[in-house]
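Notes for the structure review
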Amino acid sequence: MKLITGHWNELQGMAAPVRTEVFVREQGVPQELEWDHEDLSALHAVIVDSSGRAVATGRLLNHAPGIARVGRMAVLDVHRKQGLG
């Protein structure tokens, strides 16, 4: 497994499918609520497997000066309970 961090414009193609699978399909979150303006300013993290497939993602938001908050953390079902979150 490899951790990649970056901005939304760099990682959207890898992070969005994981979030769609976990939040929209599994949890039933309406798609229009899943995507928000916070994606543009957050630091994103994606974990990829040995074949380069994204299996987990999350974002780090600046909540206040010196305070960050983890959000939208998602791990594909088959990769859960492996400490990826």
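To keep things clear, this report deals only with the structure shown in the data block. Here the structure is a predicted model, which means the values were calculated and not measured.

Details of the environment of valine 55
With respect to the helices and strands, valine 55 occurs in strand β3 (residues 54–64). Once residues lying within four places of it in the same chain are set aside, the contact partners of valine 55 are Met1, Val18, Ile47, Asp49, Ala74, Val75, Leu76, His79 and Leu84.

Topic: the layout of surface pockets
The computed volume of the largest pocket comes to approximately 210 Å³. As for the largest pocket, its lining consists of 18 residues, and the residues nearest its centre are Ala45, Thr57, Gly58, Met73 and Gly85. Elements that contribute at least two residues to the lining of the largest pocket include exactly β1 (2–6), β2 (43–48), β3 and β4 (67–75).

Some details on unusual backbone geometry
Even without glycine at this site, arginine 72 takes up a positive phi of about 50°. Relative to the helices and strands, arginine 72 resides in strand β4. Here arginine 72 falls in the partly exposed class, since its relative accessible area comes to 23%. Positive phi outside glycine occurs at lysine 81, with the angle close to 65°. Take lysine 81: it is sitting in the segment after β4. Given the relative accessible area of 87%, lysine 81 is considered exposed.

Rules and cut-offs
Residues numbered from 1 in each chain as written. Predicted model: local features only at pLDDT ≥ 70, side-chain atom pairs only at ≥ 80, totals over all residues. Heavy atoms only, no water. Helix = DSSP H or I, 4+ residues; strand = E, 2+ residues; numbered from the N terminus. Contact = heavy atoms within 4.5 Å. 1 Å grid on protein atoms, 1.4 Å probe; cavity = no way out; pocket = protein on both sides within 12 Å on 5 of 7 lines; lining within 4 Å. Points joined across faces, edges and corners; volume = space filled by probe spheres on them. Buried < 20%, exposed > 50% of the residue type's maximum accessible area, 1.4 Å probe, protein only.

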